[in-house]
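Examining the three-dimensional arrangement
Here are the chains, one letter per residue:
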Amino acid sequence: MMSPSYLDLRRRLTERDRSLREKVMSLTEAASLVKDGDTVGIGGSTLSRTPMAMIWALIRARRKTLTCARGITSSEGDWLLGSGACDRVVTSWFSQGIVWGISKVMRYYVESGAVRFDEWSHMAMGMRFKAGAMGVPFLPMRSMLGSDVMRQRPEAREMDCPFSGDRLLLVPALNPDVALIHVQRCDAYGNAQIDGLQFLDIDLAMAANRVILTTERIISNDQIRRAPDQTKIPFFAVEAVVEVPFGCAPHECSGAYEPVYEHMDYYTALVNNNPVDGMQEYLDRYVYGPASWVDYLNLLGLNALLDAARRGRSVSNA
Amino acid sequence: MPSTGDYTASELLAVMSSRLLEDGQIVFAGVGIPLLAATLAQGLHCPSLTILFEGGVIGPVIEPGKLPPSTNEQRCTIHANMVLGSTDVLLLLQRGYVDVGFMGGAQIDQHGNLNSSFIGDPARPKTRLPGTGGGNDIASLAQMIVAMKHEKRRFVENVDFVTSPGFLRGGNSRRDSGLPAGGMYRVVTDLGIFGFDDETKRMKILALHAGITVAQVQENTGFQLAAAPDMGVTEAPTDRELEFLRRLDPDRLYTA
């Protein structure tokens, strides 16, 4: 992964139309903005605010050789490996979730050498996006030192601080070609408001060369302007807005729905039992088969989705 | 009063490690036993304990029966004082706000190094494990409590891969590698409680659970363990502790 020079990085922003303009489109149109070989930053963490619908659309568009970077990677990572869309994962942790054990899909592709898994600590992933967002080539930090995680990453460098003499680790900026981020609401221009946990998403959005937003709902620009303090990603970072209710299913979206646990249990049993045929069966039935994302949701079932929504909306009742 | 009823190994781990926490501490907790134990401590003897979660949460109170599947979901934010970015909550470790880092472990060695990345040679691994997550950050920057099952394959002389640093190669090697703060404090297992020698930084037995012998511990450990001269015996879990735990995890998500 060659790091683009600073001037290239700036040019990639200035070449884009950054005016206050509408950019609402379909999942299919948004998928065409991602090119084979791109480095794709993925928002959310583990089972939370995963841009599942957008990833689903990229797989259907038969994208190849993507490098996918996320703080913590869950079952969307399985989909990306099993479909052949991604051949390199940059993350701190990769499995469906601790309650389901180790992902056999991850194991199959990584142990066979078909896919590269670059492991960084979670804070290092965050600092790499933060450096990218700041327009500097690296940031210093004090973890990973002395460990084999550091030894596996020659891209990071140890140095003694010129002021204090302290040993530090310098981690390189990560500026993805594109970031995929799902939010609770945004306007047609891409002003995005996020409820609950932000994870690495704001640094990721500002580090990326462009952002594809999926959103539970599109609100008016007037509504955004009534509460601009709630806006976490500015419109000019965003290249596409796609309205996708339940766009994280079977993962969760804070305040809207919790994970569809039944489906996650079914999915993990299927693919961990047979990471190749089980995954193919899942992709055929749930990714390539449905005519639309709504059809995918139909397969999860109205009962399951309403139950997830009931749980998600009642979390703050406590 | 010690309970006369049965309890699982996971319940024993949760109770024993919760007793190591002190009121007023700021605890960075991982999912599973650490989350349960910190919540148990908060409920029973540490009312002003503050829990931090990697997803970006300060001071939540986990709701019984609504355990999160990781430390990154909305259930982690219930009753929280603040939510913030994941990088920012991890940076609290680096700034020095955190008294205790509290994690589970897949494999540990004589110097308290943890492996959650590879079984076998990393270049051609027999098993690729999920990786560090925030584990490396927590273990690099805070004083650590680790709760894990005591099995010979999990307690090895030297881990295949140092994912989260303990005392590295012992002696001053941790400090000399650029990690001047933190380090392993206690390892809690279903057989006993373990600490580390001040000089050599090798693991040693501090206390055994009732009915457990040194020979039994040695049999389940892949390296020589010395017993502290004042080695004690822990008090069995009480009904109050077990009742609280079972209310917290009625589906036995983490205490099966």
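Computed from a predicted model, the values in this text were never measured in an experiment.

Residues and elements named next belong to chain A. Here three strands make up an open sheet; going across it, the order is β5-β7-β6 and the pairing antiparallel. Strand pairing shows two members of the sheet lacking a second neighbour, β5 (138–141) and β6 (157–160), which therefore form its edges. Direction aside, the axes of adjacent strands within the sheet are offset by 35° on average. Pairing of β5 with strand β7 (residues 167–172), which is carried by four bridges, proceeds in the antiparallel orientation. Considered in β7, the bridge of Pro 140 is made with Leu 170.

Interfaces are frequently sized by the accessible area removed from exposure as the parts join. Contact with chain B, which involves 46 residues of that partner, is made by 49 residues of chain A. Mapped onto the side of chain B that touches chain A, the elements with two or more residues apiece are α3 (86–95), β9 (127–128) and α4 (135–141) of chain B. Broken down by class, the residue content of the side of chain B that touches chain A amounts to 16 nonpolar, 23 polar and seven charged.

A few words now on the nonpolar core. By size, the foremost hydrophobic cluster in this structure holds 168 residues, and its most contacted members are A:Val211, A:Leu213, B:Val27 and B:Ala38. A per-element tally of this core places helix α3 (residues 52–60) of chain A first, with eight residues. For this core, the domains that each give at least three residues are domain 1 (24–122 + 174–317) and domain 2 (138–172) of chain A. Setting aside its immediate chain neighbours within four residues, B:Val27 contacts B:Leu21, B:Ala38, B:Leu49, B:Thr50, B:Ile51, B:Leu52, B:Asp99, B:Val100 and B:Phe102.

All names here are of chain B. A sheet is described by the order of its strands in space; here three strands give the open sequence β7-β6-β11, paired in mixed fashion. Only two strands of the sheet have a single neighbouring strand rather than two, namely β7 (114–115) and β11 (155–156). Strand direction decides the pairing type here: strand β6 (residues 107–109) and β11, joined by two bridges, are parallel. Counted as the bridge partner of Ile 108 is Phe 155 from β11.

Looking now at the pairing of strand β14 (residues 203–208) of chain B. Residues and elements named next belong to chain B. Judged from the five bridges that link them, strand β13 (residues 192–196) and β14 form a sheet pairing that is antiparallel. Looking at the pairing, Phe 194 lines up with Ile 205 of β14. Hairpin connection from β13 to β14: six residues lie between these consecutive antiparallel strands, with Lys 201 at a positive phi of about 65°. Sheet topology note: the β14/strand β15 (residues 226–233) ladder contains four bridges and is parallel. The partner of Ala 207 across the bridge, within β15, is Gly 232.

What follows deals with the environment of B:Leu40. Residues and elements named next belong to chain B. In this structure, Leu 40 sits in helix α2 (residues 33–44). Separated by 91 residues in sequence, Leu 40 and Gly 131 place their C-alpha atoms 27 Å apart. When sequence neighbours within four positions are dropped, the list of residues in contact with Leu 40 reads Ala 14, Ser 18, Glu 241, Phe 244, Leu 245 and Leu 248.

Turning our attention to the domain arrangement of chain A. You can read the domains of chain A as domain 1 (24–122 + 174–317) and domain 2 (138–172). On a C-alpha basis, the centroid separation for the pair domain 1 of chain A and domain 2 of chain A is 31 Å.

Looking now at helix α7 (residues 239–248) of chain B. Turn by turn, an α-helix covers 3.6 residues, leaving residues three or four places apart pointing in a common direction. All names here are of chain B. Within the span of α7, buried status applies to Glu 241, Leu 242, Phe 244, Leu 245 and Leu 248. Take α7 and look down its axis: the buried residues cluster within an arc of 160°, on one side only. Away from the buried face of α7 by more than 90 degrees, exposed residues Asp 239, Arg 240, Glu 243 and Arg 247 are located. Against the buried residues of α7 lie α1 (9–18) and α2.

The subject of this paragraph is unusual backbone geometry. Residues and elements named next belong to chain A. Between Ala 249 and Pro 250 the backbone carries a cis peptide bond, its omega angle lying at 10°. Along the polypeptide, Pro 250 turns up in the loop between β12 (238–243) and α10 (261–273). The phi dihedral of Met 144 falls on the positive side, at around 70°, and the residue is not glycine. Examined against the element boundaries, Met 144 turns out to sit in the loop between β5 and α7 (148–151).

The rules behind these values
- Residues numbered from 1 in each chain as written.
- Chains lettered and ligands numbered in written order.
- Predicted model: local features only at pLDDT ≥ 70, side-chain atom pairs only at ≥ 80, totals over all residues.
- Pairing = 2+ DSSP bridges.
- Helix = DSSP H or I, 4+ residues; strand = E, 2+ residues; numbered from the N terminus.
- Axes fitted to C-alpha atoms, helices over the stretch in contact; angles between N-to-C directions.
- Contact = placed C-beta atoms within 7 Å.
- Nonpolar A, V, L, I, M, F, W, Y, C, P; charged D, E, K, R; others polar.
- Core = buried A, V, L, I, M, F, W, Y, C linked by C-beta atoms within 7 Å.
- Buried ≥ 20, exposed ≤ 12 C-beta atoms within 10 Å, placed from the backbone.
- Domains from an automatic or database assignment.
- Arc of directions from axis to C-beta.

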